[in-house]
Amino acid sequence: VKGYLSRIEKYAHLNVFNEVFADEALTLAKAVDARIKEGTAGKLAGMVIGIKDNICYKGHKVTASSKILTGFTSIYSSTVVERLLAEDAIIIGRCNCDEFAMGASNESSYFGPVKNFADNTRVAGGSSGGSAVAVQADMCLAAIGTDTGGSVRQPAAFCGAIGLKPTYGRISRHGIIAYGSSFDQVGPITKSVEDAALLYSVMAGPDAYDSTLYQQPVEEVKVTPDSSKKRIAYLQEAISSPGVDEEVKTSLINAIEKLRAEGHTVEPIAFEYINYIVPTYYILATAEASSNLSRFDGVHYGYRSPNATDLVSTYKRSRSEGFGKEVKRRIMLGTFVLSSGYYDAYYAKAQKVRRLIQDKTKEILAEYDFLMVPTAPEPAYEIGKGEADPVKSYLADIFTVQASLAGVPAISLPAGNNSKGLPLGLQLLAKHFAEKELLNFSEYFL
Ligand code: GLN
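As the structure is a computational prediction, the values presented were derived from the model and not from experiment.

## Regarding helix α10 (residues 311–322)
In a regular helix each residue adds 1.5 Å, so 12 residues correspond to 16 Å; α10 covers 16 Å between its end C-alpha atoms and thus fits that length. Ser318, Arg319 and Gly322 are the residues of α10 that are buried. The buried side chains of α10 occupy one side of the element, clustering within an arc of 95° when seen end-on.

As structure tokens, then:
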């Protein structure tokens with residue numbers, strides 16, 4: 001803990017943590033040390049982890065990196081925090097993120113962007129940018145993020161780490177500040193597949209507080225490299241599209257060739273709904289967000305405008321002053337697609353397209369063990385670029401939101417650095433609930 005605390009201090013300018021629980025982590029460490037001596041320590045004893053600041057931890061502040069949650073303290077812990085602590089993990093602090101997890105660059109945070117450790121002028125990725133840099137810069141051993149449309153996988157890719165988004169329904173959303181409830185999943189960001197598997201195994205499984213969970217108990221994944229020959233599909237568009245960075249393409253091509261040379265079957269596929277992936281995601285995610293964020297009314301949680309004069313102005317002013325630009329944009333988008341007169345044209349239509357995308361993805365994964373795509377079309381870009389062009393940044397979610405729409409598990413694995421020393425990521429998608437196969441093959445893949 002002391003070692004990590006000194007790294008946190010040394011690299012404070014990266015803006016990774018919204019709060020560090022220094023004293024508490026040291027106290028916890030002492031207690032865990034004692035349990036290790038007694039032989040009663042849990043599976044995560046000695047694991048120092050950061051949690052994204054949208055995960056509730058009883059008695060601790062939680063902000064979702066938004067002004068609107070100023071002063072709010074969690075009155076209960078999320079199921080994931082309870083399970084991590086029960087196995088003796090040491091939580092070292094709350095990690096910066098995009099405001100309400102909306103973004104892919106950590107630039108929408110009320111507390112400012114997180115800087116990439118590989119190049120401080122570049123973004124960390126997002127929305128779990130703080131969690132990813134915390135791992136990249138050795139400020140903790142592992143970190144927990146949330147992934148609605150890529151927020152664990154894409155920052156992991158930008159920071160040379162491993163990011164796992166489990167199947168929708170694997171990990172409890174109880175105590176996670178909701179963004180898009182039909183997409184949100186918690187996931188680990190780590191440096192090794194073993195750590196990802198361990199954290200996943202501890203956090204996953206049924207929970208009475210989340211009725212969307214798969215009810216079967218989850219067996220602990222003990223990573224065993226799988227050297228059997230696989231059938232892998234890759235998206236042809238990832239190589240043919242002019243929107244994908246040349247070095248990203250090369251890293252995908254290299255992976256394909258390596259796998260083929262080792263006897264795996266790797267085949268291109270065309271995904272006929274590719275142009276609908278991003279619009280479908282942004283219609284549904286913003287619709288859900290506009291509903292989820294209606295609870296922040298200046299009365300129940302956090303910030304209340306001092307300029308309010310009555311109930312309606314309390315709502316209006318608290319929300320106008322408390323939410324940032326990107327969050328407001330999404331609330332308006334979501335409210336629009338849900339409004340009468342537009343509901344059928346946008347929201348209902350997007351639900352139908354989601355089903356088509358899900359069916360087609362399942363069809364591919366019935367024929368192949370894995371679907372391989374880059375995690376992002378380009379590596380970490382300069383700070384300022386993401387905010388400047390929101391539509392462009394939405395489009396850059398093209399490779400991560402497919403797994404989110406389909407609900408299947410996906411992992412981003414480090415794929416070396418480009419010529420500028422920036423990390424690249426490669427993503428594997430697997431069948432629903434095939435986390436074990438996905439993790440085992442990831443190990444082999446590295
Ligand atoms: N970039 C996507 C979005 O802004 C995904 C964010 C996330 O997974 N939380 O919605």
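## Let's talk about the confidence of the model for the chain
Taken as a whole, the chain shows an average pLDDT of 97; of its residues, 100% reach a score of 70 or greater. This prediction of the complex comes with two scores: 0.98 for pTM and 0.98 for ipTM.

## Some words on the site of the ligand
Taken together, 13 residues lie near the ligand, and Ala101, Ala104, Thr148, Gly149 and Ser151 sit nearest. Taken together, the residues of the shell around the ligand break down into 5 nonpolar, 6 polar and 2 charged.

## Overview of the environment of His432
Note on placement: His432 falls in the loop between β11 (423–429) and α16 (435–445). Judged by the 18 C-beta atoms lying within 10 Å of it, His432 falls in the partly exposed class. Along the primary structure His432 and Leu365 are separated by 67 residues, whereas in three dimensions their C-alpha atoms are 9.0 Å apart.

## Regarding the sheet that holds strand β3 (residues 90–95)
In sheet architecture, strand pairing relies on hydrogen bonds along the backbone and comes in two forms, parallel and antiparallel. Here we have 11 strands laid out as an open sheet, ordered β1-β3-β2-β4-β6-β5-β10-β11-β9-β7-β8, and mixed in their pairing. The sheet terminates laterally at β1 (17–20) and β8 (265–269), the two strands that pair on one side only. Adjacent strand axes in the sheet meet at a mean angle of 25° when their direction is disregarded. Taken together, the 3 bridges between strand β7 (residues 231–235) and strand β9 (residues 370–374) define a ladder with parallel strand orientation. Paired with Tyr234 across the bridge in β9 is Met372. In this fold helix α6 (residues 193–203) packs onto β4 (142–147), β5 (162–165) and β6 (185–190), with an angle of close to 150° to the strand it touches most, β6. Sheet strands touched by α16: β9, β10 (410–417) and β11. Its angle to β10, the strand with the most contacts, is close to 10°.

Calculation rules
- Residues numbered from 1 in each chain as written.
- Predicted model: local features only at pLDDT ≥ 70, side-chain atom pairs only at ≥ 80, totals over all residues.
- Helix = DSSP H or I, 4+ residues; strand = E, 2+ residues; numbered from the N terminus.
- Expected span 1.5 Å × (residues − 1).
- Buried ≥ 20, exposed ≤ 12 C-beta atoms within 10 Å, placed from the backbone.
- Arc of directions from axis to C-beta.
- pLDDT = per-residue confidence, 0-100.
- Near = placed C-beta within 6 Å.
- Nonpolar A, V, L, I, M, F, W, Y, C, P; charged D, E, K, R; others polar.
- Pairing = 2+ DSSP bridges.
- Axes fitted to C-alpha atoms, helices over the stretch in contact; angles between N-to-C directions.
- Contact = placed C-beta atoms within 7 Å.

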